[in-house]
Amino acid sequence: MVKSYKLSQILSNLLAYIVLTLFAAVMLFPFLFMLFTSFKVPKDTFNYPPRLLPYEAQVIEVEGFEEPLPAYAVEVNGKMEEYVLVEKNIKAGVFADPGDLDNSYTLPLTDATPVLENGEPVMVTVDGEAYPMFDVMVGDETKQLVQTGATSLGAFANPDNLSQVVYQNVRLSTPVESVKFHPENYVDVLELQNMGRALTNTTLITLLVVLGQLVTSVVGGYAFARLRFPGRDSLFVFYLGTIMIPFVVLVIPLYQLMVMVGWVDRLAALIIPWVFTAYGTFLMRQFFVTVPRDIEEAALIDGASRFQILRKIFLPAAAPAIATLATFTFLYAWNSFFWPLVVINTGSSQNHVLTLALNILRGRAADAPNLVLAGAAISIIPPMLLFILGQRFFIESAMSSGVKG
Amino acid sequence: MLGNAFISIDPKTKNLIRVTSVWHIVLAAVALILGIATAAGSVLLELRGVLRIVLIVICIFTAAASGWAVYELWGFRRRGRTISLVVNYLGFILFFVLSLHFLQVFIDIDKLGETFGRGLIALVGVVIGYLISAFGDRFEGKPELSQQYSKVGKWVALISFFVFLLLVGIIPAIATLISRMANPFIFSLVLMTAVFGFFIWTIWREPSAAALKANNAHKEALDGFLFLSPNLLGFLLFFAGPLLFSLYVSFTDWDAFGNKNWVGLQNYAKIFNLNVQPMDSPDMVVTEVLDTTVYDELTRVKLLGKNFMIGAQDKLFWISLRNTLLFGLLAVPLSVIPALLLSNVLNSKIPGMKFFRAVYFLPSIAATVGVSLIWQWLYNAAVGNINYFITVAVNFFNSTFGLALVDPQIRWLSDTKTALIAIVIMAAWQTMGYNTVLFLAGLQNIPKELYEAAVVDGAGTFRKFWNITVPLLAPTTFFVITTSIIQALQMFEQVFVMTNPPGGPNNSTLTVVLYLYQNGFQRFKQGYASATAWVLFLVIFGVTLFQFQRQRNSEAYDI
Amino acid sequence: MNRKLFASLIVLLVTLSMVLTACQPAAPETPAEQPAAEQPAAEEPASTDEVTLRWRTRPDNQAEIDVYSAISEELDAEMDGVSLVYEPGGSESSSYQDVLKTEIGAGTAPDVFWIPGTDVADFATRGLIMELSDVAGDFDTTAFYAGPMFHLTYNPETGANDALWGLPRDVSTFALYLNMDLINEAGAADPRELAKNGEWTWEAFLDVAQKVRALGSDIYGYGANAWWGPYATWLNAAGGGFFTPDRDACALDTEESIAGLDFERSLYVDYDVAVPYGEDSEPPFLAGKVAMFQNGRWATPGVRANADFAWDVVGLPEGPNGPGNWLFWGAYVVNANTEHPEEAWALAQKLTEASTQAKISALGTNIPSRVSQEALDAFLTFTPPDNNQAFLDGIAAESNPTAEGPLWVGNWPEFDAIMGAKVNAVMTGELSVDEFKATICSEANKVFQQ
């Protein structure tokens, strides 16, 4: 009985792990894809079938050629050899046995000479279609074949002995590739595409918004929680009511306000309006209400000012709530896109934030997904590093937001 | 009694209060004159419509409040202190902000952005300092050692911060600030700030408070206003004010260049202008049924055996609303149901759960723009990974089971049938982990005894889940669903980044917010866009209210 | 009593907060006048009597940005008393023109900027760009192609051509970028040879596309991006067009327009030779998976930089009404609120000078907008592609290209949005050509009523 219980336990655990791992793979795969693609060369990103790791075609220096030649794995006499592509687009024909059209050879046109009769090419009709007849060199022997199609071939040569040449289709040949990471993509993106400046701007904005919002929320939350003043409760209800209002309602008037104040295209527009929020105040107020009153009253009797009480008693006690608010604000400020898109213009790039720079990068580097994804990585990795360092904070913040709400 | 009170006031305080009264008289007079001058239109400042009215209103209120303050202060009444402080405080803030504005402090945050990168290293020093002092807390048994640590940490942080300021360029900044103050206009602003500050001090100081018979409740209320004021002022300026303004704009035909006319309800009328016409046969052409100079075909319905064509004056709004609701309808369950199941698996006490929890959480902290770019490539019809996986799977099934499945070759983002679904899948991927964590929090609040009791009663896993977990998780579920819906109805970034043209193909991913953006910032119908925003707000409000109602009802049954 | 106090307090707060918005009336100061605060490095730009002009043009990739930055530096050195700041601006996907409009509204727009030809009317009627005929005096407008200049000199009030809104930066026509590796491999005829012999017709085009498509499931014969340009050329080649000759009504439902649209539809739906409509064709073309990629001259730098296959260009195939093409152009215009109209006009002229255009052409970006044999000869020498003539043939009268033009009556962006959505439905097979014909103009004509 006990044993079978254990067995079923193990089985259900195993099942749980399988399900969890499956989901984890789905969750992680896009990030891995981003990371590996950001180290590729543009051509490699269009490879089909898609591969995760960055590959690069190998080239070999060959005497007599200015540029190094691309290497391919070519089958020679049943063995795979590393050959170089010396010439492309060699006109070729598909030559077939008139008796059996499926038995065909694809060879350069130079290996074939048309069979003439009275100066006219000889035509052979197979299955109702007329084909020209050629003398074709197949290996060492000459065959009389009909040309059924045209194509082109590449000449692959042994890099050590250029006279050993094999002709075959270039596109379908297997290039010799090796895994090679291109970290310089990041340098490219940071410098050329202005992501470096966007990164510092985003850091600055996030820092100021988080700090500012913490200050106003803590102070305001304290006033709502502990200080009696006329109109407090109706004001609080008003605050609460506005939490639900979607930001889109505010976009247009806020934009017009920014135009009036002259903050369009200025970092100030990304910081100052975001320092004051109803949500943060609400969050802090909810927490401060739960702090016991007696310590505070004792301090008041000792002659402490309200500010001292806030600093000495409430602030230390509110660490979890502050962490929650800081986490949310951080993510919001770092990832926001709609408002910067509206208020920061594309022209003067020195005031771009990461999301905006990314939006421009995707247009400019549409032909280089490796760069676009390197840009995406630059915007995604910093919060992710923070998340790994302070995982507990993030997840507990999320948890508390659900329970309290 | 009254006489006694006067005797206890020392002459200095009495004089200060008298001076303040005089200040209020001056302030009232100046405000009155300025207000009248502005109203008469003879002010040097060239002010445009709304601003002029605002200035007049401010002047009138300043004058009235100041006059009142004089009256109350003269009688040494408490209320005089309140009014005087409020007037002076607001004046102080106003002139302080104006000074900052004209000193270009706000605008120069840009320049800080330029130099900030240089100072980042020093900021790391601040963090290290904090870590050192926090490390000291580990030595709880040895207070001396812990103090030592916190002291060292403090100094490291302070010095690093100082270095940071230097690196960022505080010295030239201060120099320019001072040189700018030489401007007489700016200087007078700063001076006014100081004057207001001085009169706050005259009334705020303890002897004045006593002289004006301040009691505890009065002081507490003032403290309350003071503490709330930064938040409240900012909130009014950047939230409540724009909110009202937005309502006003929605009744105009405002463009982004300052041209506006009051159009009343016209914007709303255009949004809601629908026309239903019966059709003789279901495949009639729109020009035969509707007045196409006004309406466009929205959809066709068959009702009670009769065919109708619905036309709308603004077809795109209704299409965007449909897409938005459809998105919510698909994305919410897709991100909530797997999350509910996953959280139950995660809640079992087997090792490694924290790792999985962290992995699931990852997508929700990544920027949506970045994530959209990643998925755009995954969705690529020709070389994308998703189609490749499908091809591999189809080939696998075909070869192992001898089936003849056809590789669908889905053109995810360029096919009207799949574009919205593609975005739904991505959005669900991004929010699922967050919801899982929320459910996990809810699950941990469910008492274990309930499950134990159920096991004793012989309940299986499924019955435990259905009879205990689901009902007790209802509050969390409510929260998750409500926030998910609110988020889903505001979808914008994904579509903006992933589809080309945004909202395409054939408007199949046009959402309300995207439509609003296009109207407001591409076609410059900001009045109309504002009206759209309010309609969206009403929809969100309605959905949330409906949720609340259901939540209340279900609670009544469950408990 | 307290409540009353509170109410008055709130009112005061609201009004005070409103006045905050008043601190900055009308025109914000230009950056040039701002002393550098919080800027430690003493990098005073040049002497103070220099006028700073900001200018902008839309680049599609980094190669183009580099070209324009270099031009800006050269002109800066050439022009006395003016220092230039070049800013790239957004790319096509980040709504370049719309952002520009908001910037003009907010007073932060550059002095001289480039806009696509289709947007000239919108900018002009909104009063966002300066009418230059007073500043320009006797300016010889015949030095540029007549098509663009017709629109750039149109006076919406009189209907005559006596205004001047700007100067064309460049012109471009569509050509087909060829991947010769694929065409050779498929054994298809060389389109350049066919064009030379006058056999480059829709049928020949379809034949090449089908042969290439047969090479593999991820190899396509034809690719074009999903915007109005590509389908405009098919319409044009069939003798159709977007508008009536007076440009004040929709003409998408004429027999000719429908014929052109139907042929393009067949490429996507019936023959399945094209990169699926709506998918970006440029990446697969650069990856060597598309044989014929329809695009303008602006794509050349990107192809030069990225293509590692044999490539060239060829003109568009001939339809029932000849080859058909589209004369794309964009113009440098002057911000209506610029403080230095004289200098801005001088800059606009410099930017369109033959020597400047030659430099830009040398880097491959565009075709000179001036009708000068010298400039054209120079253009032809900038290879690859070898077959530069294909672009010029597109401009030539025989191809009867339609000059891209603004809508002075009606609203182009809205027309484009309505047309784009419907054409998309046709190209993906959701909407039949007949339905398109029956409904398109009743919907699209609304933009002319406003």
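Residues numbered from 1 in each chain as written. Chains lettered and ligands numbered in written order. Predicted model: local features only at pLDDT ≥ 70, side-chain atom pairs only at ≥ 80, totals over all residues. Heavy atoms only, no water.

Novice: Quick question: what am I supposed to make of the domain arrangement of chain A here?
Specialist: Put simply, an interface is often sized by how much accessible area is lost when its parts join up. Segmenting chain A into domains produces domain 1 (2-54), domain 2 (59-175) and domain 3 (193-364). Look at where the C-alpha atoms of domain 1 of chain A and domain 3 of chain A centre, and you get two points 37 Å apart. (Domains from an automatic or database assignment.)

Novice: Teacher, can you tell me more about the nonpolar core here?
Specialist: Where a protein is soluble and globular, its nonpolar side chains tend to be buried together. In terms of nonpolar packing, the biggest core is built from 216 residues, with A:Trp263, A:Phe288, A:Trp339 and B:Trp375 touching the most fellow members. A:Trp339 has contacts with A:Phe247, A:Val251, A:Leu254, A:Tyr255, A:Met258, A:Ala269, A:Leu270, A:Trp274 and A:Ile344, leaving out every residue within four places of it along the chain. Core analysis: the next-biggest nonpolar cluster, separate from the first, contains 76 residues, B:Phe257, C:Leu84, C:Val313 and C:Phe379 among them. (Core = buried A, V, L, I, M, F, W, Y, C linked by side-chain atoms within 4.5 Å. Buried < 20%, exposed > 50% of the residue type's maximum accessible area, 1.4 Å probe, protein only. Contact = heavy atoms within 4.5 Å.)

Novice: Any chance you could explain the interface of chain A and chain B here in plain terms?
Specialist: Opposite the 108 residues of chain A that make contact, chain B presents 102 residues. Both sides together, the interface formed by chain A and chain B hides about 9400 Å², and carbon and sulfur atoms give 78% of it. Where chain A meets chain B, there are 4 salt bridges. Linking A:Arg228 and B:Glu220 is a salt bridge whose minimum nitrogen-to-oxygen distance equals 3.2 Å. No other element matches the 16 residues that helix 1 (residues 2-37) of chain A contributes to the side of chain A that touches chain B. Across the side of chain A that touches chain B, the residue classes break down as 77 nonpolar, 24 polar and 7 charged. (Buried area = accessible area lost by both parts, 1.4 Å probe. Salt bridge = Lys/Arg side-chain N within 4 Å of Asp/Glu carboxyl O. Helix = DSSP H or I, 4+ residues; strand = E, 2+ residues; numbered from the N terminus. Nonpolar A, V, L, I, M, F, W, Y, C, P; charged D, E, K, R; others polar.)

Novice: Help me understand the sheet that holds strand 1 (residues 274-279) of chain B in this model?
Specialist: Within a sheet, neighbouring strands are paired by backbone hydrogen bonds and run either parallel or antiparallel to one another. Residues and elements named next belong to chain B. Taking strand neighbours across the sheet as the criterion, the 3 strands line up as 1-3-2 in an open arrangement whose pairing is antiparallel. Of all strands in the sheet, those with a lone pairing partner are strand 1 and strand 2 (296-303), marking the two edges. Within the sheet, the average angular offset between the axes of one strand and its neighbour, ignoring direction, is 25°. Judged from the 7 bridges that link them, strand 2 and strand 3 (residues 306-312) form a sheet pairing that is antiparallel. (Pairing = 2+ DSSP bridges. Axes fitted to C-alpha atoms, helices over the stretch in contact; angles between N-to-C directions.)

Novice: What exactly am I supposed to notice about empty space enclosed by the protein here?
Specialist: A probe matching the size of a water molecule, rolled over the atoms, marks out where space remains unfilled. In total, this model carries 6 cavities of 30 Å³ or more according to the counting rule given. The computed volume of the largest cavity comes to approximately 110 Å³. A:Phe33, A:Thr45, A:Pro50, B:Val383 and B:Asn385 are, among the 14 residues lining the largest cavity, the residues nearest its centre. Breaking the lining of the largest cavity down by element, the ones donating at least two residues are helix 1 and helix 2 (42-45) of chain A. The residue makeup of the lining of the largest cavity, split by class, is 5 nonpolar, 6 polar and 3 charged. (1 Å grid on protein atoms, 1.4 Å probe; cavity = no way out; pocket = protein on both sides within 12 Å on 5 of 7 lines; lining within 4 Å. Points joined across faces, edges and corners; volume = space filled by probe spheres on them.)

Novice: Even after reading the chapter, I still don't get the environment of A:Leu211, so can you show me in this structure?
Specialist: Residues and elements named next belong to chain A. Counting through the fold element by element, Leu211 comes out in helix 4 (residues 195-226). Accessibility expressed as a relative area gives 52% for Leu211, which makes it exposed. For the pair Leu211 and Val275, spaced 64 residues apart in sequence, the C-alpha to C-alpha distance is 8.2 Å.

Novice: So what exactly am I meant to see when it comes to the pattern of salt bridges here?
Specialist: Here the idea is simple: oppositely charged side chains can pair when their charged atoms come close. Tallied over the entire structure, the rule returns 37 salt bridges over all chains. We note a salt bridge from C:Asp170 to C:Arg169, for which the minimum N-O separation is 3.0 Å. Assigned by exposure class, C:Asp170 and C:Arg169 land together as buried. What you see here is one network of salt bridges that share partners, running through A:Arg226, A:Arg228, A:Glu296, A:Arg306, B:Glu220 and B:Asp223.

Novice: Looking at this structure, I do not really get the packing of helix 8 (residues 278-289) of chain A against helix 11 (residues 319-335) of chain A. What am I missing?
Specialist: To characterise two packed helices, one gives the angle between the axes of the helices and the distance between these axes. Residues and elements named next belong to chain A. Axis separation between helix 8 and helix 11 bottoms out at 10 Å; the angle between their running directions is 165°. Classed by the angle they form, the pair helix 8 and helix 11 counts as roughly antiparallel. Note that helix 8 runs across helix 11; the crossing there is right-handed. In this structure, helix 8 uses Tyr279, Gly280, Leu283, Met284 and Phe287 to contact helix 11, whose residues at the interface are Ala321, Ile322, Thr324, Leu325 and Phe328. (Parallel < 35°, antiparallel > 145°, perpendicular 65-115°, else oblique. Left-handed = near helix turned anticlockwise from the far one by under 90°.)

Novice: For this particular structure, what's the right way to read a nonpolar patch on the surface?
Specialist: Residue and element names in this part refer to chain B. The grouping of Phe162, Leu166, Ile170, Ile171, Ile174 and Ile178 at the surface amounts to a nonpolar patch, some 580 Å² of accessible area in total. If you list the elements that add at least two residues to the nonpolar patch, you get helix 6 (143-168) and helix 7 (170-181). The leading source of residues in the nonpolar patch is helix 7, at 4 residues. Mapping Ile178 onto the fold places it in helix 7. (Patch = residues over 30% accessible without salt bridge, like charges linked within 9 Å, V, L, I, M, F, W, Y side chains within 5 Å. Areas by Shrake-Rupley, 256 points an atom, 1.4 Å probe, with all protein chains shown as cover.)

Novice: Quick question: what am I supposed to make of the packing of helix 5 (residues 232-243) of chain A against helix 8 of chain A here?
Specialist: All names here are of chain A. Orientation of helix 5 relative to helix 8, taken along the N-to-C sense of each, is 125°, at an axis distance of 9 Å. Here helix 5 lies oblique to helix 8, going by the angle between them. For the pair helix 5 and helix 8, the crossing hand works out as left-handed. Taken together, the residues of helix 8 that come into contact with helix 5 (itself represented by Phe236, Tyr239, Leu240, Thr242 and Ile243) are Ala278, Tyr279, Thr281, Phe282, Arg285 and Gln286. Of the residues belonging to the contact of helix 5 with helix 8, the class tally is 7 nonpolar, 3 polar and 1 charged.

Novice: Can you walk me through the pairing of strand 4 (residues 167-172) of chain C in this structure?
Specialist: For a regular strand, side chains alternate in direction, first toward one face of the sheet and then toward the other. Residue and element names in this part refer to chain C. Of all 6 residues that make up strand 4, 6 are buried, and the element is covered over most of its length. Where strand 4 and strand 9 (residues 326-334) come together, 5 bridges link them in antiparallel fashion. Across the sheet, the residue bridging to Leu167 is Tyr332, located in strand 9.

Novice: Before we go on, may I ask you to explain the sheet that holds strand 5 (residues 175-179) of chain C in this structure?
Specialist: Residues and elements named next belong to chain C. Here we have 4 strands laid out as an open sheet, ordered 6-7-5-8, and mixed in their pairing. Two strands close off the open sheet at either side, each with one partner strand: strand 6 (220-223) and strand 8 (311-314). The mean angle between the axes of side-by-side strands here comes to 20°, regardless of whether they run parallel or antiparallel. Summarising the sheet, strand 6 and strand 7 (residues 290-295) pair through 3 bridges and their orientation is parallel. Each residue of the ladder has a partner; that of Gly223, found in strand 7, is Phe293.

Novice: Can you help me understand the domain arrangement of chain C in this one?
Specialist: Residues and elements named next belong to chain C. With domains assigned, chain C is organised as domain 1 (51-171 + 328-399) and domain 2 (175-327 + 412-449). Each of domain 1 and domain 2 has a C-alpha centre, and the two are 27 Å apart. Facing 31 residues of domain 1, the contacting portion of domain 2 comprises 26 residues. A buried area of about 2300 Å², summed over both sides, lies between domain 1 and domain 2, and 64% of it is on carbon and sulfur atoms. Applying the counting rule to domain 1 against domain 2 returns 5 residue pairs in polar contact (both at pLDDT 80 or more). Taken together, the elements giving at least two residues each to the side of domain 1 that touches domain 2 come down to helix 2 (62-78), helix 6 (146-152), strand 9, helix 15 (354-362) and helix 17 (389-395). A class-by-class count of the residues in the side of domain 1 that touches domain 2 yields 15 nonpolar, 12 polar and 4 charged. (Polar contact = N/O pair within 3.5 Å; in protein donor to acceptor, adjacent residues only side chain to side chain.)

Novice: Would you explain the environment of C:Ser257 in this entry?
Specialist: All names here are of chain C. Within the secondary structure, Ser257 is located in helix 11 (residues 255-268). You can call Ser257 buried: its relative accessible area is 1%. Linking Ser257 and Gly117, residues 140 residues apart in sequence, is a C-alpha distance of 22 Å. A distance of 3.0 Å separates the side chain of Ser257 from the backbone nitrogen of Gly241, its partner in a polar contact.

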